[in-house]
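Understanding the architecture of this molecule
Each chain is listed here by its residues.
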Amino acid sequence: MRAIWKGAVSFGLVSIGVKLYSATEEKDIRFHQVHREDGGRIRYKRTCSVCGEEVTYDDIAKGYDIGGGEMVILTDEDFADLPLTSSRAIDVLEFVPAEQVDPILYNKAYFLEPEGAATKPYVLLRDALIDSERVAIVKVALRQREQLATLRVREGVLLLNTMLWPDEIRTPDFGFLDEDLKVRPPELAMASSLIDSMTGEFEPDVFTDDYRAALQEVIDAKVEGREVVQPEEVEEAPAAAVDLMAALKASVERAKAARGEQPARSSGGGGEPTPISSARSAQKAAEKKAAKAPAKKTAAKKTAEKETAEPAKKTAAKKAAAKKAEPAKKTAARKTAPRKSA
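Residues numbered from 1 in each chain as written. Predicted model: local features only at pLDDT ≥ 70, side-chain atom pairs only at ≥ 80, totals over all residues. Heavy atoms only, no water.

For the chain, the helix and strand inventory stands at six helices and nine strands. Expressed as a percentage of the 342 residues in the chain, the buried residues total 16%. Working note: accessible area of the chain is about 28,300 Å², and carbon and sulfur atoms make up 54% of it. (Helix = DSSP H or I, 4+ residues; strand = E, 2+ residues; numbered from the N terminus. Buried < 20%, exposed > 50% of the residue type's maximum accessible area, 1.4 Å probe, protein only. Areas by Shrake-Rupley, 256 points an atom, 1.4 Å probe, with all protein chains shown as cover.)

Before going further, it helps to spend a moment on the pairing of strand S8 (residues 146-154). Pairing of strand S7 (residues 134-141) with S8 involves six bridges; the strand directions are antiparallel. Each bridged residue has a counterpart across the sheet, and for Ala136 the counterpart in S8 is Leu151. Linking two consecutive strands that pair antiparallel, namely S7 and S8, is a turn of four residues; a positive phi of about 55 degrees is found at Arg143 within it. Across seven bridges, S8 lies against strand S9 (residues 157-163) in antiparallel orientation. Bridging across to S9, Leu148 finds its partner in Met163. Here S8 folds back onto S9, and the loop between the two strands holds two residues, one of which, Glu155, carries a positive phi near 55 degrees. (Pairing = 2+ DSSP bridges.)

So, on to the sheet that holds S7. An order of S1-S2-S6-S9-S8-S7-S5 is seen for the seven strands of this closed barrel, with the pairing classed as mixed. In this sheet, neighbouring strand axes are inclined to one another by 40 degrees on average, regardless of whether the strands run parallel or antiparallel. By the bridge criterion, six bridges tie strand S5 (residues 89-97) to S7 in an arrangement that is antiparallel. Residue pairing across strands places Pro97 opposite Arg134, the latter belonging to S7. Running over the sheet, helix H2 (residues 119-132) touches strand S1 (5-11), strand S2 (14-22), S5, strand S6 (106-114), S7, S8 and S9 and is turned about 80 degrees from S8. (Axes fitted to C-alpha atoms, helices over the stretch in contact; angles between N-to-C directions. Contact = heavy atoms within 4.5 Å.)

This next bit is on the environment of Lys19. Counting through the fold element by element, Lys19 comes out in strand S2. Owing to a relative accessible area of 22%, Lys19 belongs among the partly exposed residues under this scheme. Along the sequence, Lys19 and Pro114 sit 95 residues apart, while their C-alpha atoms lie 6.5 Å from each other. If we skip the residues at most four places from it in the chain, Lys19 touches Ala3, Trp5, Lys6, Phe111, Leu112, Glu113 and Glu115.

Our next topic: the packing of aromatic side chains. For any pair of aromatic rings, the description consists of the separation of the ring centres together with the inter-plane angle of the planes. Here the structure, examined in full by the defined rule, presents three aromatic pairs. Note on Phe174 and Phe176: the rings are 6.4 Å apart at their centroids and 20 degrees apart in plane angle, and the pair reads as stacked. On the basis of relative accessibility, which here comes to 48%, the residue Phe174 falls in the partly exposed class. Relative to Phe207, the ring of Phe202 has its centre 6.1 Å away and its plane inclined at 25 degrees; by these criteria the two rings are stacked. Phe207 matches Phe202 in its accessibility class, with the two residues each being exposed. (Phe/Tyr/Trp six-rings, centres within 6.5 Å; stacked < 30°, edge-to-face > 60°.)

Scanning the model with the defined rule gives zero disulfides in all. Between Cys51, a cysteine without a disulfide, and Cys48, which holds the nearest cysteine sulfur, the sulfur-to-sulfur distance is 3.8 Å. (Disulfide = S-S within 2.5 Å.)

With that out of the way, let us pick up the pairing of S2. One ladder, built from seven bridges, connects S1 with S2; its direction is antiparallel. Within S2, the position partnered with Gly7 by the bridge is Val18. Counting the residues in the hairpin turn of S1 and S2 gives two residues, including Gly12, whose phi is positive at 65 degrees.

The next subject is the packing of helix H3 (residues 185-197) against helix H5 (residues 244-258). For the pair H3 and H5, the least separation of the axes is 9 Å and the interaxial angle reads 20 degrees. Our classification of the angle between H3 and H5 gives roughly parallel. H5 is crossed by H3, and the crossing has left-handed handedness. Contacts from Pro186, Glu187, Met190, Ala191, Ser193, Leu194 and Ser197 of H3 reach H5 at Leu244, Met245, Leu248, Lys249, Ser251, Val252, Ala255 and Lys256. Here the residues of the contact of H3 with H5 sort into nine nonpolar, three polar and three charged. (Parallel < 35°, antiparallel > 145°, perpendicular 65-115°, else oblique. Left-handed = near helix turned anticlockwise from the far one by under 90°. Nonpolar A, V, L, I, M, F, W, Y, C, P; charged D, E, K, R; others polar.)

A cluster of acidic residues, Asp76, Glu77, Asp78 and Asp81, forms a negative patch on the protein surface. With respect to the helices, strands and loops of the structure, Glu77 is situated in helix H1 (residues 76-80). (Patch = residues over 30% accessible without salt bridge, like charges linked within 9 Å, V, L, I, M, F, W, Y side chains within 5 Å. Salt bridge = Lys/Arg side-chain N within 4 Å of Asp/Glu carboxyl O. Lys, Arg positive; Asp, Glu negative; His and termini not counted. Charge placed at Lys NZ, Arg CZ, Asp CG, Glu CD.)

Now for the side chain of Glu187. Residue position: Glu187 is located in helix H3. Relative accessible area serves as the criterion here: at 13%, Glu187 is assigned to the buried category.

Turning next to the nonpolar core. Ranked by size, the top nonpolar core spans 21 residues in total, and within it Val9, Val18, Ile90, Leu112, Val138, Leu151 and Leu160 carry the most contacts. Secondary-structure elements contributing two or more residues to this core are S1, S2, S5, S6, H2, S7, S8 and S9. Ranked by size, the runner-up nonpolar core spans seven residues in total, among them Val101, Ile137, Leu148 and Met163. (Core = buried A, V, L, I, M, F, W, Y, C linked by side-chain atoms within 4.5 Å.)

Before going further, it helps to spend a moment on helix H4 (residues 210-224). Each α-helix turn comprises 3.6 residues. Residues three or four places apart therefore point the same way. Over its 15 residues, H4 runs 21 Å from end to end, which matches the ideal 21 Å to within 8%, given 1.5 Å per residue. One or two steps after H4, the chain reaches Gly225, where phi turns positive at roughly 70 degrees. (Expected span 1.5 Å × (residues − 1).)

The subject of this paragraph is H2. Relative to the 20 Å expected for 14 residues at 1.5 Å per residue, H2 spans 20 Å between its end C-alpha atoms, a close match to the ideal helical length. Three or more residues of H2 are buried, namely Tyr122, Leu125 and Leu129. Buried residues in H2, looked at end-on, bunch into an arc of 65 degrees, giving them a common side. Residues of H2 that are exposed and point over 90 degrees away from its buried face: Lys120, Leu124 and Asp131. (Arc of directions from axis to C-beta.)

Rendered as structure tokens:
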């Protein structure tokens, strides 16, 4: 990693030299804009909307729009005169319980590494934070902006979390907040049961970015000149319209089934079926019907063969009897025939 900032943590009268490193990195797959026909990169020029000339970075200043087409231009000298007293220092203001800091305030995370002979006071501050079970509220100037931040410990390293200022958090203003909606106690109890059935230990490593993996597979296939075969997605049948309580019951049953738990059955066995149990019953009935169908066909086939073979057997028996009777008829005819005189 490369340090992006150097300064000192000011902890009372103690100064701890540190280096700042980005603690996170985005794993998004990045693309360039290119010409579809030949793959050439698309370049953008910095041009002035007034004179139309191309402008270099040295000639670019910052402008604040005051409305009415008027612009106030600020130069680097204007920013240099601003009172950033903590320009190269991380000033510890106070120590507070971590749960008092609303997570919505957190912005970006940085690792702090001790520099030179500052290792001992660095470790001292780290261990004191762990022992007090608190985080330090600090101010720091990064990229020409003063920011509020917290200092806490993660895996034996001081972690600086920059925060948004309170006036940068929007106030939710939605119509449903003014509606008088009442939640029935059974619904609340069932929702709590659903939460209990889906409760577990958070292990971030078990979650993956499936979209990024699929996109990377497409890119690799393009490079290797092979075709990407995407697995067919099983489309779930649209759920029938059910009331909130039925949906909660079905959700609890599905969560328990996913954990390998047997769903609770009523003693009388006459409870109303949930959408999931109804679907399972229908599936079992279809499988049972499909299993019976071949057996019925086989039995019908045997019956047909039997009915076809029976007349054939009778006909063959008659022919055999008639054949046996033929010599007897001839013998009887000879005996009854008159003898010729000599």
